[in-house]
Each structure stands twice: as C-alpha cells, then as structure tokens.
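Each chain, letter by letter, is given below.
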Amino acid sequence: MLTLPHRPLRIAAAIALAAGIAILIVLVLWAILAAATGSEGSASRIDIPHLLRMTSIQAGLTTVLSIAVGMALAWALNRLRFPGRDLVVGLFASAIVTPGMVVAFGLLSIWGRNGWINQASEALFGFSIGNPAFGLSGILFAHVVLDGAFAARIMLARLDAIPTPRLKTGQSLGLTPWQRFAIIDWPSLRGTVPGLAAIIFLLAFTSFPIVLMLGGGPANQTLEVAIYAAVRQDFDLAGAVRLAATQIAVCSLVILAASALAPIPTSFGASTAPRWRDRGLARLLQMLVLMLCTIGFVLPLLSVLIDGLGAGIGRVVAQPAFWWATTSSLVIGTASALLTLLLALALALGRGATGNGLLRTLLGMPAFAYLAVPAVVLSLGFFLLVRQLGFAPATAAPFVVILANSLLALPFAMATLGPPLEAIARSRGKLIRSLGLSGWRQFTLVEYPLLGRDIGVMLALAFCFSLGDLGVIALFGTQDFQTLPLMMFRALGSYRGNDAAAIAAILLVGTIVAFVGLPRLFERIADAAR
Amino acid sequence: MLRVENLTFAHPGQATPYAFSLVAHEGEVTAVSGASGSGKSTLLDLLAGFLTPSAGSIELDHSDLLPLPPEARPVSLLLQSESLFEHLSAAKNVALGLPAGTPRAEAQRQIGEALAEVGLEGIGNQLASTLSGGQKQRVALARTLLRARPVLLLDEPFSALDDETRVAVRELVRVLTIRHGWHTILVSHHADDVEALAARKYLLVEGRLESLRDTPS
Ligand SMILES: Nc1ncnc2c1ncn2[C@@H]1O[C@H](COP(=O)(O)OP(=O)(O)O)[C@@H](O)[C@H]1O
Ligand SMILES: [Mg+2]
C-alpha cells in the first residue's frame, strides 16, 4: 500500500499553477483561431498542402536517418572503451541544447560555398563541390547531427542498463556480435524507437533556425519559417494565422500518437557489467561509426569556435549593440530558467503528493501541451494576444519573451524533475510520514539534497534553450531589443559574416559552460545541504 | 577433475584479496556456501572468465583454463535470473547451445531430445517469458545439455523458486550431473540445497574456501 505524506498546500499550489498555464494556452489558441476565422476569404498566396507535404518529407527523412545514426552510434559507444570516452558521451549529450543556428553556421563554414572543403578542393584540384550544406541536404545534415546525437544518448542509456546477468549468459554462450545485437540489444532498444521517432519528427517538423538559415527560400521551408516569413516579410497576418492553426493541429496529432507510445527514461546510470568486447568486423565497424559521428558532430562546432574566436571578434565586442544583446540574452536566459524552475518544481511537487491518477494527469497536461505549440506559433499567439489586450508589442516584448521561453522549456523541465521527485515521495513516503516532517523540512532535508543535480540539469536546459532561441525573439525583436541569436541572424542577412561567426562562437561557449557547469554547481550546493 | 589453486583477485578498493582453492570431481556436485557478500559470485565470475585473477590457476584435467575467454571456456552457466532471453521461444533459447551451422533437421531433433530429458516435451514453441520460474531453469539446463561443456556453474539457481519446484529442479541437476559426468559447482546459501546435492562442501569465509567434512549425525 502506497503511503504518501499529506501535502494539501502543494497540491493546491500545483492545481492553481496548472490552471493558470492551461488558461494561458487557451488564450493563445483563442487569439490565433479568432484571428484565423476573422480573416477568412482574404487573399493569401500560401500553399499549405504543398508546405505540409514538403515538411513531412523532410521530417520523415530526418527521423529515419537520426534513428539509424543514433542506434549505430549508441552501439559503438556501448562497446568501445577509450580514454576520453566520458567526454565524448557528454559531448553528444550536449546536442539537445546546442543552438540550431550554431550548428547550421558550422556546417556552412565547412561545407558551404566558401567553406573549408571547397577552399581545400579548389586549391588542390581546381574545382568546387558546390554547396551541399544548402537546401534539403543541408537541413537533413544539420538535423541528423543534432537529433542523431540526442537519439544516441537515450539509446546508450538503455544499452548501459541491460542487466549484468543477461550479458554474462550471452557472453558465456559465445554469441556473435550480430547475435548479440539481435538477441540482447535490440529488445532493449526497440522500446525507445517509437517515442524517440515521435520527438525527432516533432523537432524536425517545427525546426526554425536551421531551416531559416539553410533552406534557401520557399522550396525548403517548415510551417514555422513560413509563419515568420508571412509576418515579418510579407505582412500577411491572415496567412500566418492559418499556418499556425495547421501547425498546432499537426503537432497535436504527433503528440497524441507519441503519448500512446512507450515513455523514454531520463536517468542515466553507470554500468557495472563485465567487459565484453566484440571482435573482428563488428569492432572495426564500431570504430568507423564512432569516428565518422565524432567528426560529423565535432567538426562543425570546432569550425564555429575557430572562425569566431579569431580576428573578427574584436570588431563585434566594440559595438555597444553587442553588449546590449548580450545583456538581454543573459537576463532573458536567467529569468526564464528561474521561472521554469519555479513552475516545474511546483507542478512536480504537487504531482508527487497525490496518488490520484486523474489529478496527476490533469496537473501534467497543461505543461506538456506546450509541446504542441512551437516557438514561432507561441510567439505569434502572444503577439496577437498582446494586441487584443491593447498593449504595444514593443512594451510587452521582454516579459513575453521570458514567459514564452519558460513555457517552451516546461515540458522538458517536468520530464527532468518529475520522475526523481515522484520516486522520492514513493520510496520515502512512509518514513517521512512516521517522522512527521513538515512539507518545508521534507523539501530542505530530503528532496532538495537528493535533487541538486537534477535541478542543475533542468536550469541548464532552460537557460540554453532560451539563450539559443530565435523563434520567439524573431517576432518580438526590434532594433532596440535584440538578443545574441537575433543579432547573429541580422548580421548574416546583411552579409557581415565575421560578426555572425563571432556571435556563434560566443553562443556556443555560453551553452557549453552552462550545460557543463550548472549541473555540477547545483550538485555541490545540494551536497552542502546534506 | 577441476582444480583451482590460490586464485587471487581483489575488487577495486578491496583491502585483502580473495584467494580461492578448491577441487571438484566429475559427476559430483560441489557446493560453496557463505554469507551474502562473501564473494561467492566473484568466485564463479573468475571461473567463467568474466574476471581476470592476479595470480593462481584453474585447471581441468590438467589443461589450463585461464587463457580462454568466457565463450571458449568449457563452462556452462545457470544464474538466478536472466538465464533465458525472454523474447525468444524455449526452442530458440535451447538452440543457442548448438554449434553454429547445425543443419535444421538435426537441430530440431536435438532440441526436442534435450527438452524431453528435462521433462518439458512439447513446450518448444512457447515464449520464454510465458514460462514459470522452474520451467525456465529447466530450459536453461536443456541448453546446457546441447552445449555439452564439462563444467556447470550454478549461482543461486533455485532461489527464485517455490519449495516444491526447487526440490524437483534440484533433483534434475543431481541426475544430469551424474548422467553426463559434469563437474557441477553450486553456489547457495540454502543449507537444504547443499545437503541434498553436495558430495563435497566448501564454506567461504574471509575470502578463503574452507573444506567441510560431513560430520555423521
Ligand atoms: N564490480 C565490483 N566492484 C567492486 N566491488 C564488488 C564488485 N562486485 C562485487 N563487489 C563486492 O565484492 C563482494 C562480494 O560480492 P559477491 O561475489 O557478489 O558476493 P556473494 O555472491 O557471495 O553475495 C561484495 O562486498 C561486493 O560488494
Ligand atoms: Mg551472489
């Protein structure tokens, strides 16, 4: 029999927050739908069926390729041991927070018309290989770099969690590398594929900065990019609104499908299994896979650092606009990360305090619903809402950008904090009850010390998401209010490639520092509380 | 005869290393008992080749086993859990004991015979996940029959079974050991199992194996 501490206050707070978040999403949807129905009949040249078809093809290809690459990489990483392996695994794990703009920029500087490869090829052979980083191939490449690494991290966790006795049985039976994959690995991996595929499809379907930078015009777009183009370039608000409604409908369908599929584990444990290395061809293949994936992932990021931290950076940091953008980015990132923490913690504590399945679902749903509202759509919704309420978008912009980024990070934050908090409530509920701990002491003595690292991970996720955000700021930014990604995008638009390179490098460094540093920092702080 | 001499090993951070010495004879069950955490599974991991000792020897009929990797050792393994791959049928699990490239008809015949010998005729097509705990261990024993390795290592194989089943599976282990001339090493902390099966008994204390003589009761 499950014993949970009585925490009516936690449940009440969570209900109030969940209701607030739900009301907000209803208002956003209402603002979009009201504008959509109000604009019927107005002439708009946007071909939605064509866009849907193209985006689906792109997202489908991204999904298949990313799962295949991710599985091969996880397989290789699970088998190979080498110095620096933890670093490599950590690097691939950081794909989830690496800003799409930075990866796209890195791919351009390697594969682009004036990239490393072309320069080398012209110098050596006197011809150019064209620009494979542009168009559909470039989009797929950038997506697979990010999503393949993400898939690999999830799948590696599954492989590392295979019970040791199962490995011993297999090893002592002398399974061949192929039998080992089919009999031991695949049954563990199979469960992750539907959920991962749904997430990757959603990410690719709603991709914004990568498609904006590499798509090269209407031939390769997503609905997100089309919405942005409709609002900022064609001033076709009616068209944008119809696109947004379509986007929400498709995303909801994908999420409904995804939620019916197996969930994905979020905790990564170290394996204590005996060493069992594959031999022969399989081992060569594993080394090849690891090498290609590392080059494919690291080279673009490395080129960003090399190009950006070179000569051009002095010119960028001399601009007052750069310091304004940096300040805005840091303030927005910090504020939205803290807001996300507050929301996620309150919701997860409330969910952990109740054993009622329906209530738990109701508390979780509003937060997870924001998966169906990607950045540009949410931004458009807030834009319309702010106008309806009679504010000037420019005045509301900073607050809206912070709020929107928090809401976009909330599903990921809930997925990070929820499972450990609920496990604590379930496993220590009896003890907490019998000791008669107050809610506050339960938090400070039990939950917070056990949660330190997870809180750091969550803050890092939320901070990095909003640091790299282009989708929200793209609609709300002005000449006076811009963040680093927006400044970088504008620099690209006006052919100031050196400025863009410098900002890309700074964004990448900031992301890495936050992603590596915040979890450690909070683990330390929480350890001090033990 | 399986002879283990002064097999030395320490886990990371372990102050005094284990030093195992034991003898196991053909057609006999040799039992090793000891408190939880005393190192019984470590001993079997060393014998099966999952761990590499820092010193000592393992010899089977005077041939040195230490250089062999786990899959090449003349050893079959039966663990408390995970002895079968749950998503495969019983027959497919048993088939993993056959050498690669065994002709289909021949394989089917041998699998059928092995299943019959452990008392499980006709369950070949059932998924392993649908079998009871006792049936699973029997299927694993059928696989051991086809692998035909002279040493059988059992790590608490009856722990997850109810009393009635454990007596039956235990009896099967005893009969198969005699019939096939296995050197069976049973790790267990259940006195009953040891009493019922063992011709030779060891107690693991403080990293050493002490030979126990039967005191007539
Ligand atoms: N991989 C390992 N690393 C460090 N210590 C280990 C490892 N495996 C087992 N141990 C330790 O070695 C001791 C013996 O473990 P084990 O052989 O599993 O004992 P038993 O099977 O008798 O219960 C235990 O104290 C255990 O904690
Ligand atoms: Mg043990």
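Residues numbered from 1 in each chain as written. Chains lettered and ligands numbered in written order. Predicted model: local features only at pLDDT ≥ 70, side-chain atom pairs only at ≥ 80, totals over all residues. Heavy atoms only, no water.

Attention shifts here to the domain arrangement of chain A. Residues and elements named next belong to chain A. Along its sequence, chain A is carved into domain 1 (1–42 + 319–530) and domain 2 (44–310). Of note, the centres of domain 1 and domain 2, computed from C-alpha atoms alone, are 23 Å apart. Domain 1 puts 43 residues into the contact, and the matching count from domain 2 is 40 residues. Together domain 1 and domain 2 conceal approximately 3,500 Å² of surface at their shared face, both sides included; 83% is due to carbon and sulfur atoms. Our enumeration of links across domain 1 and domain 2 arrives at zero salt bridges. Between domain 1 and domain 2 we count four residue pairs in polar contact (both at pLDDT 80 or more) in total. Those elements that provide at least two residues to the side of domain 1 that touches domain 2 are α1 (8–38), α17 (375–388), α18 (393–435), α19 (439–467), α20 (471–476), α21 (484–493) and α22 (497–528). It is α22 that contributes the most residues to the side of domain 1 that touches domain 2, eleven residues altogether. Here the side of domain 1 that touches domain 2 is built from residues that sort into 35 nonpolar, seven polar and one charged. (Domains from an automatic or database assignment. Contact = heavy atoms within 4.5 Å. Buried area = accessible area lost by both parts, 1.4 Å probe. Salt bridge = Lys/Arg side-chain N within 4 Å of Asp/Glu carboxyl O. Polar contact = N/O pair within 3.5 Å; in protein donor to acceptor, adjacent residues only side chain to side chain. Helix = DSSP H or I, 4+ residues; strand = E, 2+ residues; numbered from the N terminus. Nonpolar A, V, L, I, M, F, W, Y, C, P; charged D, E, K, R; others polar.)

With that settled, consider the interface of chain B and chain A. At the junction of the two partners, chain B supplies 17 residues and chain A supplies 18 residues. Summing both sides of the interface, chain B and chain A together bury roughly 1,600 Å²; the carbon and sulfur share of this comes to 63%. Glu-71 of chain B is the salt-bridge partner of Arg-279 of chain A, the closest N and O atoms lying 2.9 Å from each other. Linking chain B to chain A there are six residue pairs in polar contact (both at pLDDT 80 or more). Looking at the side of chain B that touches chain A, the elements that each hand over two or more residues are β6 (75–78) and α4 (133–147) of chain B. Here the side of chain B that touches chain A is composed, by residue class, of nine nonpolar, three polar and five charged.

Turning to the site of ligand 1, a few remarks are in order. Residue and element names in this part refer to chain B. In the vicinity of ligand 1, the contacting residues are His-11, Pro-12, Tyr-18, Ala-35, Ser-36, Gly-37, Ser-38, Gly-39, Lys-40, Ser-41 and Thr-42. Here an oxygen atom of ligand 1 and a side-chain polar atom of His-11 are 3.4 Å apart. Lys-40 places a polar main-chain atom, nitrogen or oxygen, 2.8 Å from an oxygen atom of ligand 1. In the complex, the protein chains occlude 54% of the 560 Å² of accessible area that ligand 1 would expose alone. When residues of the shell around ligand 1 are assigned to their parent elements, the largest contribution, three residues, is made by helix α1 (residues 40–48). For the shell around ligand 1, the per-class residue count stands at three nonpolar, seven polar and one charged. (Near = heavy atom within 4 Å. Areas by Shrake-Rupley, 256 points an atom, 1.4 Å probe, with all protein chains shown as cover.)

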